[in-house]
Amino acid sequence: MSKLLFRPTSGLVLAFVVTTAAAATGTVTVRYDHPENFTETKEVRAFAPMRADSAYLDTLKRYIETKAATELGQGQTLDIVVTDIDRAGSYAPSVGSLQPVRVVKDVYPPRITLHFRLLDSEGQVVREGDRTLTDLGFMYDSPGGSSSTDPLRYEKRTIDRWLARGPAKL
């Protein structure tokens, strides 16, 4: 029977590597300001109450935090407060059907309204502002990295476009 020897120095080296990798990218926090008042939430409650599920908020939050962290410089911090979300598509009133259906047409583009603060490694504000992210051509672009079955593909692509401009142009 062999025993795996673990030296204390190995643990320190591993901790250093993990810490260094985390410091190489920025830190991102995403918060939602009263998601119960979001356009998406109100629409779902009005037209499809049985489909009311806020799990998409957690998925989108994790996506933004992960994606934005890769775009930031070392030591930068990005704080995002999302103030409204209106996902691509809209629920059509159900006529003769018990299940409401989300209709995705170019007249219902995704919209995400947010406030952000970008800080440098010293904690100084580099950029700050309010943005309304809208992708009017969402129906005509290829999905890129998002799956064609991902229910948040249009919103993720809208976020991707904003972040791809880089921290200096947020």
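Numbers given to residues run from 1 along each chain, matching the order in which its sequence is written. For a predicted model such as this one, the threshold for reporting local features is a pLDDT of at least 70, and the threshold for listing and counting side-chain atom pairs is 80 or more; totals across whole chains, interfaces and linings nevertheless cover every residue. Think of the side-chain values as coming from all heavy atoms in the structure, minus any hydrogens and water.

**Digging into the confidence of the model for the protein**
The predicted coordinates should not be examined in detail at positions where pLDDT is low.
Here's step 1: The pLDDT value tells you how sure the predictor is about a given residue, anywhere from 0 up to 100. Per-residue confidence for the protein gives a mean pLDDT of 83, with 79% of residues at or over 70.
Here's step 2: Below a pLDDT of 50 lies the segment residues 6–24, which in the model reaches 4 contacts outside its immediate sequence neighbourhood of four places, other chains included. Only heavy atoms enter the contact rule, under which two residues are in contact if any of them lie within 4.5 Å.

**Points about the packing of aromatic side chains**
Here a ring pair, both rings aromatic, is described through the centre-centre distance and the interplanar angle of the planes.
Here's step 1: Whether two aromatic rings pair depends on their centres lying within 6.5 Å, for rings of Phe, Tyr and Trp, where Trp uses its six-membered ring; planes under 30 degrees apart make the pair stacked, over 60 edge-to-face, and the rest tilted. Summed over all chains, the structure comprises 3 aromatic pairs.
Here's step 2: Between Tyr32 and Phe38, the aromatic rings sit 6.0 Å apart at their centres with planes inclined by 75 degrees, giving edge-to-face as the arrangement.
Here's step 3: Relative to Tyr154, the ring of Phe138 has its centre 4.9 Å away and its plane inclined at 80 degrees; by these criteria the two rings are edge-to-face. Here Phe138 is found in the loop between strand 6 (125–134) and helix 4 (153–164), whereas its partner Tyr154 is found in helix 4, with 16 residues between them in sequence. Each member of the pair, Phe138 as well as Tyr154, is classed as buried.
Here's step 4: Of note, Arg87 hangs over the ring of Tyr56, and the distance from its end group to the ring centre comes to 5.2 Å. Starting at the N terminus, helices and strands are each numbered in turn, a helix being any DSSP run of H or I of at least four residues and a strand any DSSP run of E of at least two. Relative accessibility thresholds used throughout: buried, under 20% of the residue-type maximum; exposed, over 50%; partly exposed, between the two (1.4 Å probe, protein chains only). Here, a charge over a ring is recorded when the distance from Lys NZ or Arg CZ to the ring centre is within 6 Å and its angle to the ring normal is within 35 degrees.

**Let's talk about the sheet that holds strand 1 (residues 27–32)**
Here's step 1: Note on pairing: two strands pair once DSSP finds at least 2 bridges between them. The mixed open sheet is built from 4 strands, whose spatial order is 1-2-5-6. The open sheet is flanked by strand 1 and strand 6, the only strands paired with a single partner. Between one strand axis and the next, the sheet turns by 15 degrees as a mean value, whatever way the strands run.
Here's step 2: Inspection of the sheet shows strand 2 (residues 77–86) paired to strand 5 (residues 111–119) by 9 bridges, in the antiparallel sense. Working convention: axes come from line fits to C-alpha atoms, limited for helices to the stretch in contact. Angles between N-to-C directions cover 0 to 180 degrees.

**Points about a nonpolar patch on the surface**
Here's step 1: For patch building, the residue pool is restricted to those with more than 30% relative accessible area and no salt bridge; the joining distance is 9 Å between like charges and 5 Å between nonpolar side chains (Val, Leu, Ile, Met, Phe, Trp, Tyr). Under the convention used here, a 1.4 Å probe and the Shrake-Rupley method define accessible areas, while residue burial counts only the protein chains that appear. Any carboxyl oxygen of Asp or Glu that lies within 4 Å of a side-chain nitrogen of Lys or Arg is treated as forming a salt bridge with it. Together, Val104, Met139 and Tyr140 make up an exposed nonpolar region whose accessible area comes to about 290 Å².
Here's step 2: Along the chain, Tyr140 falls in the loop between strand 6 and helix 4.

**Let's talk about the side chain of Thr158**
Here's step 1: Tracing the backbone shows Thr158 in helix 4.
Here's step 2: Residue classification places Thr158 among the buried positions, given a relative accessible area of 5%.
Here's step 3: Leave out the neighbours within four places in its chain, and Thr158 touches Pro110, Leu133, Thr134 and Asp135.

**So, helix 4**
Here's step 1: An expected span of 1.5 Å times one less than the residue number is assigned to each helix. When the terminal C-alpha atoms of helix 4 are compared, their 16 Å separation across 12 residues agrees well with the 16 Å that a helix rising 1.5 Å per residue should span.
Here's step 2: The buried fraction of helix 4 is high, at 10 of 12 residues.
Here's step 3: The complete set of buried residues in helix 4 reads Arg153, Tyr154, Glu155, Lys156, Arg157, Thr158, Ile159, Asp160, Trp162 and Leu163.
Here's step 4: If you follow the buried residues of helix 4, they end up packed against helix 3 (55–71), strand 2, strand 5 and strand 6.
Here's step 5: Positive backbone phi, approximately 90 degrees, marks Gly166, located one or two places after helix 4.

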